[in-house]
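# Close look at the chain arrangement
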Amino acid sequence: MLAGLLEGLSLVFQPLALALIVFGVVVGIVMGSIPGMTATMTVAVLVSFTFGMNPTEGMMLLLGIYGGALYAGSIPAILIRTPGTPSAAATIFDGFPLSEQGQAGKAIGIATIASFVGGAVSVVLVTLLSPQIANVALNIGSPEYFAIAFFGLTIIASISGDSITKGMLSGLLGMLIATVGLDPTLGQPRFTFGFPELSAGIEFIAVMIGLFGLAEGLNRYREGIGSIDIQQDLSGITPSLADLKNIRNVTIGSSVVGSIVGSIPGAGGDIASFVTYNEAKRWAKNATPEFGNGNIKGVAAAESGNNSSTAGALVPTLTLGIPGDSVTAILIGALLVHGIQPGPGLFDNEPGLVFSIFIGFFLVYVVILVLGLLGAHVWVRVINFPAKYLWPSIFVLCVVGAFALRGNLLDMWVMVAAGVLGFILRMDGYPLAPIVLGMILGPIAEENLRRSLEISNGSWDIIYTSPIAMVILLLAVVSLVAPIALQYRENN
Amino acid sequence: MGLHVPHTDKLGSILWLLLAVGIFVVSTDLPTGTGETGAAFYPRVIAVLIAVFACLQLGRSFYDEGHQVRDVSRQQTRRVVAVVALVTIYVLSLPWFGFVTGTVLFLIVGMLYSGARSPIRIGVAALGLTLVLYYVFAVLLRIPLPESPFIPVEAALPGLIHAGLVSGVVG
């Protein structure tokens, strides 16, 4: 571990890598400050910039954007009651009342400190725990790996939308799209319909850009892109010592809880922030002012919760190759572009890269702390950025990003098709995240299922007789049935 | 008058079922000589699961009729169709116009359509973004972008950018 840590330090503390962290955070904060620009969309649209970089530099840029966008979602949430990213929705509850009371600067300061603590605590926890989890994961076989991939899909489907059936159908669609191309075991062309370009498969990142970039844009145009005009004067951004003492326990507690929630595949920052906000509210007896009326503990709980989920999401991503959320799915895609396969072997094969990700993510939150406190006046102005210039520019980034993947026109058409499909599916209440996660998990599930069946000469007993696989599959069934049972109980 | 789609869940479930059937039909062409773990095996597992969840959704749609109507106004439909058409034309134009010309034209039309009216701002934004992207991808990251066989802007750009940078630094 020490050797990997030292190698990681040497990779991150390079002028270009450090500059990319700062640049990524700035881009992330700018994009995240604009309502409707989610962290997922920003990372998806800008991932193509990393194709020409080495893996560490690419990861530094993407992690900077990820952390910056997630943090910045709190700024419009506090100022205009509109979360910049879905993860900042819980920040509104106490952030906006503080803004109404003329304490917007204080709310942004608290959100910045809490984001830093959340991110930093989470990165430290993940750095300590991930190598141990990867060691355990190295010893699991194909049946267990198939079960984990299936569990990942079911839990993602069950928590990512209002309807479990729609979530599962979205996930299965992603798995189906991933079957296009050469069969992974026998190398036979599958669903290529005679087009040789399809033999290499449908590029996951092109689908991702379409689903989260173009589809989001189409949705914005459907609603009317409009414009926002706010004039906020911020003062007292740096919190007082009394305020810091007041939020200390809730911030650290929420950071730990957020890290755990974030490490569950599919449970991103939005779920983490609601969980930590509700827990903070439940534990704070006789809080003054009450939660919902401008209590700084509410802002601290929500922001430390959602920012700590980011590093938490890296746990399944790096140790199992199973994405923790949509953004980490793109990180997997970016690593795959560089020929690096995330999973338990990553800690043995690329220890420097793994630890550079942890160290880099820690630095991302240091940069967020500095830029958040010093540049708040600037970020507030970003909210006014006119959408009429922004969205056509984002469409260009979508098209160029898809083309830059392999330099072929097919990927651009895949992006456009995915965008239109994503727009239609979203309108009908289908969550989009399971599609991309299905595209990642599908090949893992297929490879391990088929390998298991080959080992057992086609007998499914190999899965039934593995206690670990059975426990995980039972958990998968519980994750599907439990929400339905709970809903039924609520209705009756 | 806009778009009125009733029974969306029923309609959606039927489309999912058709997809599942389609997977089975198309996968009959796949070589299956290597037993049940042949190329067709896994897509068929997915098809069966799609059919199961589509049936569950169809069944649910009969007793839960709420939120099953989608109304999209004519104005909304027009806006979305226009954006899809613009992006499609942009993608189609790239092999002919090349990245620089195609992108500048798309950005000008896109920004005008989105409500921008200042010719100077539109011009600066369109040209500025296009050149920045060209520089980052084609020059800095060495990722080739589409070039036009008729308008050789891309071929001349690296020299122009270099000359511009040199004159900017020297000047």
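Residues numbered from 1 in each chain as written. Chains lettered and ligands numbered in written order. Predicted model: local features only at pLDDT ≥ 70, side-chain atom pairs only at ≥ 80, totals over all residues.

## Regarding the overall build of chain B
The following threshold applies: Secondary structure follows DSSP: runs of H or I at least 4 residues long count as helices, runs of E at least 2 residues long count as strands, and numbering of each begins at the N terminus. To assign burial, the other C-beta atoms lying within 10 Å of each residue's own C-beta are counted, with C-beta atoms placed from the backbone; 20 or more indicates buried, 12 or fewer indicates exposed, and intermediate counts indicate partly exposed. By the convention adopted here, residues are in contact when the distance between their C-beta atoms, placed from the backbone, does not exceed 7 Å.
For chain B, the count of helices and strands is five helices and two strands. When the helices and strands of chain B are read in sequence order from the N terminus, they spell out β-α-α-β-α-α-α. Within chain B, the proportion of its 171 residues that are buried is 29%. Excluding contacts between residues fewer than 6 apart, the proportion of contacts in chain B whose partners are at least 24 apart in sequence is 58%.

## Quick notes on the environment of Y488 of chain A
Residue and element names in this part refer to chain A. Summarising the element assignment, Y488 is placed in helix α22 (residues 467–491). A residue is classified by how many C-beta atoms lie within 10 Å of it, and Y488, with 9 of them, is exposed. In the structure, Y488 is positioned 239 residues away from N249 in sequence and 37 Å away in space, judged by C-alpha atoms.

## A look at the interface of chain A and chain B
Note the following rule: Classification used: nonpolar for Ala, Val, Leu, Ile, Met, Phe, Trp, Tyr, Cys and Pro, charged for Asp, Glu, Lys and Arg, polar for all others including Gly.
On the chain B side, the residues contacting the 46 residues of chain A number 53 residues. For the side of chain A that touches chain B, the secondary structure elements donating two or more residues are α9 (164–177), α10 (204–223), α18 (387–406), α19 (409–427) and α20 (433–455) of chain A. Ranked by the residues each element gives to the side of chain A that touches chain B, the list is headed by α18 of chain A, at eleven residues. Grouping the constituent residues of the side of chain A that touches chain B by class yields 29 nonpolar, nine polar and eight charged.

## A look at the nonpolar core
Nonpolar side chains tend to gather and get buried jointly when the protein is soluble and globular. Filter applied, for reference: Defined on buried residues, the nonpolar core groups Ala, Val, Leu, Ile, Met, Phe, Trp, Tyr and Cys residues joined through C-beta atoms within 7 Å. Note: domain ranges come from an automatic or database domain assignment.
Grouped together as the largest cluster of nonpolar side chains are 211 residues, with contacts concentrated most on V399 and M415 of chain A. The dominant element in this core, judged by the number of residues it contributes, is helix α7 (residues 104–138) of chain A, at 15 residues. Composition of this core by domain shows at least three residues from each of domain 1 (3–72) and domain 2 (75–170) of chain B. In contact with M415 of chain A, other than residues within four places in its own chain, are A206, I209, G210, L214, C398, V399 and A402 of chain A.

## Details of α10 of chain A
Residue and element names in this part refer to chain A. We count it as follows: Helices are assigned an expected span. That span is 1.5 Å times one less than the residue count. Axes are fitted to the seven residues ending at a residue and to the seven starting at it; the angle between these axes is taken as the bend at that residue.
The end-to-end C-alpha distance of α10, which contains 20 residues, comes to 28 Å, matching closely the 28 Å that a straight helix rising 1.5 Å per residue would cover. Taking the largest bend as the criterion, α10 deviates by roughly 30 degrees, centred on G210. Across the 20 residues that make up α10, a large majority, 17, are buried. G224 lies just past α10 and shows a positive phi near 100 degrees.

## Some details on the confidence of the model for chain B
Residues and elements named next belong to chain B. The condition that has to hold: As a per-residue quantity, pLDDT reports the predictor's confidence and falls between 0 and 100.
Across chain B, the average pLDDT comes to 84, with 85% of residues at 70 or higher. At the level of individual helices and strands, chain B shows its lowest average pLDDT in helix α5 (residues 153–170), which scores 61, and its highest in helix α3 (residues 74–113), which scores 94. Per the prediction output, this complex has pTM 0.83; the corresponding ipTM is 0.89.

## Remarks on the packing of helix α1 (residues 8–27) of chain B against helix α2 (residues 41–63) of chain B
Residues and elements named next belong to chain B. Applicable threshold: Lines are fitted to the C-alpha atoms to define the axes, a helix being fitted only along its stretch in contact, and any angle between axes, read from their N-to-C directions, falls within 0 to 180 degrees. We call two directions roughly parallel when the angle between them is under 35 degrees, roughly antiparallel when it is over 145, roughly perpendicular when it lies between 65 and 115, and oblique otherwise. Working rule for handedness: look at the near helix, and if it is turned counterclockwise from the far one by less than a right angle, call the crossing left-handed; if clockwise, right-handed.
It is the contact of α1 with α2, at a shortest axis distance of 8 Å, that shows an interaxial angle of 160 degrees. Viewed along their axes, α1 and α2 adopt a mutual orientation that is roughly antiparallel. Of the two possible hands of crossing, α1 and α2 adopt the one that is left-handed. Contact residues: D9, K10, S13, W16, L17, L19, A20, I23, F24 and S27 in α1; P43, R44, I46, A47, I50, A51, A54, Q57, L58 and S61 in α2. For the contact of α1 with α2, a count of residues per class yields 13 nonpolar, four polar and three charged.

## Topic: the packing of α7 of chain A against helix α11 (residues 241–262) of chain A
Residue and element names in this part refer to chain A. Packing of α7 against α11 leaves a shortest axis separation of 9 Å and a crossing angle of 40 degrees. Classified by the angle between their axes, α7 and α11 sit oblique to one another. Considering how the two elements wind past one another, α7 and α11 form a crossing that is right-handed. Along its contact with α7, which presents I110, I113, A114, V117, G118, V121, S122, L125 and V126, the element α11 presents D243, L244, I247, T251, I252, S254, S255, V256, G258 and S259. Across the contact of α7 with α11, the residue classes tally to eleven nonpolar, seven polar and one charged.

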